[in-house]
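# Topology and contacts: notes
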Amino acid sequence: MGHDENDGIQELDNPLPGWWLVTFYGTIIFAFFYWIHYTFTNAPDLQGELKLAMDELERVRKNSGGDAGGGGSGGALPAESEEQLAALFAPGDRADQGKVVFAAKCASCHGPEGAGLVGPNLTDKFWIHGKGTRKDILAVISGGVKDKGMPAWSEMLSKEELYSSAAFVFSIKGKNLPGKPPEGNEVP
Amino acid sequence: MTENNDLWESYDDDIVRKFIFACLLFGAIAFLAGLLAALQMAYWPFNSNLPWITFGRLRPLHTNAAIFAFAGNAIFAGIYHSTQRLLKTRMFSDVLSNIHFWGWQLIILSAAVTLPLGYSHGKEYAELEWPIDIAITVVWVVFAVNFFGTIAIRKQRHLYVALWFYIATIITVAVLHIFNSIELPVSFMKSYPVYAGIQDALVQWWYGHNAVAFFLTTPFLGLMYYYLPKAANRPIYSYRLSIVHFWALIFLYIWAGPHHLLYSSLPEWAQTLGMVFSVMLWAPSWGGMINGLLTLRGSWDLLRTDPIIKFLVAGITFYGMATFEGPLLSIKSVNALAHFTDWIIGHVHGGALGWNGLLTFAIIYYLVPKLWRTELYSKKLATTHFWFAIFGILIYYVSMTSAGITQGLMWRAVDQQGRLVYPDFVETVLRIVPLYWFRVLGGTLFIVGFAIMLYNLFMTLKRAPRPVPELIGDIPKSAELGTGHRKLEGLATVFSVLAFFAILVGSVIEILPTLNLDKYLNPTLTVKPYTPLELAGRDIYVREGCYYCHSQQIRPMVSEVLRYGPPSTVEESMYDHPFQWGSKRTGPDIARVGKKYPDLWHYRHMMDPRSVTPKSIMPNYPWLAEDNTDFLILRKKLSVMRVLGVPYSDEELANADILAEKQAQEIAQKLAADGAPGGLEKKEIVALISYLQALGQKGSPKNETLGSVPQL
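Analysis parameters
Residues numbered from 1 in each chain as written. Chains lettered and ligands numbered in written order. Predicted model: local features only at pLDDT ≥ 70, side-chain atom pairs only at ≥ 80, totals over all residues. Heavy atoms only, no water. Helix = DSSP H or I, 4+ residues; strand = E, 2+ residues; numbered from the N terminus. Rg over C-alpha atoms; globule rule 2.2 N^0.38 Å. Buried < 20%, exposed > 50% of the residue type's maximum accessible area, 1.4 Å probe, protein only. Contact = heavy atoms within 4.5 Å. Areas by Shrake-Rupley, 256 points an atom, 1.4 Å probe, with all protein chains shown as cover. Lys, Arg positive; Asp, Glu negative; His and termini not counted. Charge placed at Lys NZ, Arg CZ, Asp CG, Glu CD. Axes fitted to C-alpha atoms, helices over the stretch in contact; angles between N-to-C directions. Parallel < 35°, antiparallel > 145°, perpendicular 65-115°, else oblique. Left-handed = near helix turned anticlockwise from the far one by under 90°. Nonpolar A, V, L, I, M, F, W, Y, C, P; charged D, E, K, R; others polar. Buried area = accessible area lost by both parts, 1.4 Å probe. Salt bridge = Lys/Arg side-chain N within 4 Å of Asp/Glu carboxyl O. Polar contact = N/O pair within 3.5 Å; in protein donor to acceptor, adjacent residues only side chain to side chain. Core = buried A, V, L, I, M, F, W, Y, C linked by side-chain atoms within 4.5 Å. Domains from an automatic or database assignment. Pairing = 2+ DSSP bridges.

This brings us to the overall build of chain A. Along its length, chain A carries 6 helices and 2 strands. When the elements of chain A are put in sequence order from the N terminus, they spell out α-α-α-α-β-α-α-β. Taking 2.2 N^0.38 as the reference for a compact globule, 188 residues should give roughly 16 Å; the C-alpha atoms of chain A span a radius of gyration of 30 Å, well beyond that estimate. Along the longest, intermediate and shortest principal axes, the C-alpha atoms of chain A span 100 × 45 × 30 Å. Counting across all 188 residues of chain A, residues that qualify as buried make up 41%. Restricting the contact set of chain A to residue pairs at least 6 apart, pairs at least 24 apart contribute 66%. As presented, chain A carries roughly 9,700 Å² of accessible surface, and 60% of it is formed by carbon and sulfur atoms. Taking the 17 positively charged and 25 negatively charged side chains of chain A as two groups, their mean positions are separated by 18 Å.

What follows concerns the packing of helix α10 (residues 268-280) of chain B against helix α19 (residues 492-515) of chain B. The description of two packed helices rests on the angle between their axes and on the distance between the axes. Residues and elements named next belong to chain B. Two elements in contact, α10 and α19, have axes whose closest approach is 11 Å; the angle formed by their N-to-C orientations is 165°. With respect to each other, α10 and α19 are oriented roughly antiparallel. The way α10 lies across α19 gives a crossing that is left-handed. Contact residues: W269, L273 and G274 in α10; I509, E510, P513 and T514 in α19. Residue classes in the contact of α10 with α19 are distributed as 4 nonpolar, 2 polar and 1 charged.

In this assembly, 73 residues from chain B lie in contact with 57 residues from chain A. In total, chain B and chain A occlude about 6,000 Å² of area from one another, counting both sides; carbon and sulfur atoms represent 64% of this. Linking chain B to chain A there are 4 salt bridges. In this structure, K230 of chain B engages D7 of chain A in a salt bridge whose closest nitrogen and oxygen atoms are separated by 3.2 Å. Remark: the boundary between chain B and chain A carries 16 residue pairs in polar contact (both at pLDDT 80 or more). Contributions of two or more residues to the side of chain B that touches chain A are made by α3 (55-87), α8 (218-232), α9 (239-253), α10, α11 (282-295), α21 (558-564) and α22 (599-607) of chain B. In the side of chain B that touches chain A, the residues fall into 44 nonpolar, 15 polar and 14 charged.

Attention shifts here to the nonpolar core. Across soluble globular proteins, nonpolar side chains show a tendency to be buried alongside one another. The biggest cluster of nonpolar side chains holds 245 residues, and the ones touching the most others in it are W104, F361, Y603 and I685 of chain B. Counting contributing residues, this core receives three or more from each of domain 1 (9-511) and domain 2 (532-708) of chain B.

All names here are of chain B. Considered domain by domain, chain B is made up of domain 1 (9-511) and domain 2 (532-708). Computed from C-alpha atoms alone, the centre-to-centre distance between domain 1 and domain 2 is 34 Å. Facing the 64 residues of domain 1 at the interface are 56 residues of domain 2. Note on domain 1 versus domain 2: buried area summed over both sides is about 4,900 Å², and carbon and sulfur give 66% of it. Considering only the side of domain 1, the residues that lose the most area to domain 2 are W44, Y192 and F340, jointly responsible for 17% of the buried surface there.

Moving on, we get to the pairing of strand β2 (residues 190-193) of chain B. Neither face of β2 of chain B is exposed, since K190 and Y192 of chain B on one face and S191 and P193 of chain B on the opposite face are all buried. Count of turn residues in the strand β1 (residues 183-187) of chain B/β2 of chain B antiparallel hairpin: 2 residues, of which M189 of chain B carries a positive phi of about 75°.

Quick look at the side chain of N291 of chain B now. All names here are of chain B. Looking at the element boundaries, N291 is found in helix α11. On the basis of relative accessible area, N291 is assigned to the buried category, the value being 0%. Once residues within four sequence positions are removed from consideration, N291 is found in contact with Y225, I236, Y237, S238, L241 and S242.

Okay, the environment of G149 of chain A next. Structurally, the position occupied by G149 of chain A is in the loop between α5 (134-143) and α6 (159-172). Judged by its relative accessible area of 9%, G149 of chain A falls in the buried class. A C-alpha to C-alpha distance of 73 Å links G149 of chain A and E5 of chain A, two positions 144 residues apart in sequence. The residues touching G149 of chain A, leaving out its near neighbours within four places in the chain, are K596, Y597 and P598 of chain B.

Let us look at the side chain of N456 of chain B. All names here are of chain B. Looking at the element boundaries, N456 is found in helix α17 (residues 425-462). Engagement of the side chain of N456 in a polar contact is seen with the backbone oxygen of S378, the distance being 2.8 Å. Beyond its immediate sequence surroundings of up to four residues, N456 is in contact with Y365, L376, Y377, S378, L381 and A382.

So, about the packing of helix α25 (residues 656-674) of chain B against helix α26 (residues 684-694) of chain B. All names here are of chain B. Where α25 meets α26, the axes come as close as 10 Å, and the angle between the chain directions of the two elements is 95°. With respect to α26, the axis of α25 lies roughly perpendicular. Within the contact between the two elements, α25 uses Q663, A664, I667, A668 and L671 and α26 uses V686, I689 and S690. A breakdown of the residues in the contact of α25 with α26 according to their chemical character gives 6 nonpolar, 2 polar and no charged.

Our focus in this paragraph is the pattern of salt bridges. By the definition in use, this model includes 33 salt bridges over all chains. Across the pair R240 of chain B and D13 of chain A runs a salt bridge, and its minimum N-O distance is 3.3 Å. Of this pair, R240 of chain B sits in helix α9 while D13 of chain A sits in the segment before α1 (18-40), which puts the two residues in different chains. In this structure, R543 of chain B and E684 of chain B form a salt bridge, with 2.9 Å as the shortest nitrogen-oxygen distance. Residue R543 of chain B is found in helix α20 (residues 532-543), and its partner E684 of chain B is found in helix α26; the two are separated by 141 residues along the sequence.

See below:
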């Protein structure tokens, strides 16, 4: 104490608390070494750390094999022939499962019934990419059509979901629901 | 003559009373705007299809009202009241005091009109357009002249610690505001900042972070140093501590801005400095808290009986929490999770409602009975207010922190096959909507408490006598000032200059290197400027405040690369005056949204987001299909951009409007062919679509490390 008053306010002069000083010095020492490490040594920078993480992701994807859609392979699906796909699409509940996926992921652009909205009508006889075969449909769903705004769903759906949704789209082909006017080429 | 002498024998408390009224009035507006914004988040139809109150325009109204109107007027009330008493003199000039008061309120009113109309810089907490920026500068200088004039005519030679904080505040806010607001006008109420891309980002967050430091922290610490010992009638715990934490705080704070830009394309040395200086701020911040709380040693019984002490102690405790959380959030790995989420919203409201709000309430409960020479109408109601405020803040804080951590974890979740677990962004939003309702509850409780305060004050004033001026009274004989820091405390000019240098060091070291942007650009990457129509669309994007909910900055992390594409580069925003990286992702990042969806998708999405993304919480923007784009002003806009260094050719400049109309025609025809209504070519929606389709399409981020990453 002993300072002249400021509008009646007095000030004690207690020493700085020890734990407070330790905290303060501690953060300064940490800051110094952190700064040295990330500014002047060979510590990986953000791009370097990303590269390590992406390599790890690549490894995970390779090892997981199986269920990963076209993940990492740039949407090279499908490997099967049209006949093999016909057999894969055949089970009765396949298209029904696909309908659920379609409602969740596809309906916002292709309409709830697939009659087109932002994206084309999938129930008419006209096809923009390919001829509407099982293989074509699956390829477009997996790899997407970037220019037209169709995402590559192999990044977001499992193989199971990809095949089911393709089976559903194949099943509504030719229903000719009234919707978006035809686009692409007529496939008789 | 005698009247004049009388005046100089008393304090000017009229000005303090005025600032208190303004604080209460604008506090009400700030809180209600915040409540409406919270409701819009929980239930999008509260946007009401009205441009003026749609979230993107309401949010700046809420933040500006809370910071500059509510907290600002509280600061001025406290500073004008305490400074006169600490210096034992009336303010330097009553005229300047009144110019300051009315000028500030006019600025607030102009903000309240222009922000809903969409006049905005597109920079957070600095949205106000250039004529208002100039007005702010003028009024702040008036305040500074009045304050330093008062110091010059002071009767008490020694400057008490509260005044150190006021000095640092006034100097630094001036520096921050002026340098962040350097802009070239295009027209009345439209301008472009001179900075672009990483420069603009760095200057903006140097400003933005230090607006928190020097508008919401240092002045309130000064107020604490005056009103806490006054209200508790206790001596300050440690004079030594006040010296150390004051200088450490103002020196370190100014460096911390880049912690808002971690993992961005800002050069990494600046990011590292932002983080380490934030960590070092922990102890100096807590120095203020310790000096506050330990001042009450030996009189903790007051906490049970005196509502003012309750508000002060809780406010200081929230300050301690927020200043511990701040450094924590600045640590890169924590920031990686928390950034862009509601955790940050929780953090800032812990500070704003807890520290600034509660301290302001304490000061008003202390000042009103003093200034009106009466007793508070009801202590019990003040205590009720306290509990409403506390529970309101806690519910707000807990719900937003939970929402932020939940969403942050969902964004980054990658499954064992190496795919995002939640690829649909909207899924991560819907998960936290219930927490948005809890925030509404928290905010409502806080506001109910505030309403109780207004009633309490109204009843107090109703039975108060006519206020009479308080005489200055005897001036204590100043003792010898002594040596060292004690001597400095008597030398106002030297002290102010030293404070100025303390905040200048970090500013110069961080900002100067980035002013020469070329150094950070890869010469092999060329970026094309926006076409005239895209620029028009960009201005609409800024006007609607899209960046409050959508970032344009993809961080170098696996989950972000999977969701959005390669990380953003320095080059991609090099022509962005202002930068639009954003600080919050209520919706997904859109740095690479260009060409991802067809034009029709965007049209439908802007008219009704739910037509393409079921359950989206984004507002509708129907007016964009009704209002016309201003094509004629584009020549002027391009010429201003060229002055700022964007390489437009003479031909583009001369034909800006024609080029824009042509591009608009093409987009509108395609839209019509795809099934949108015809005749949109002159409408704003087409300009906005052209801008959105250009995002991420202007340069080629050749990134070798990402060669194998499949592009979405």
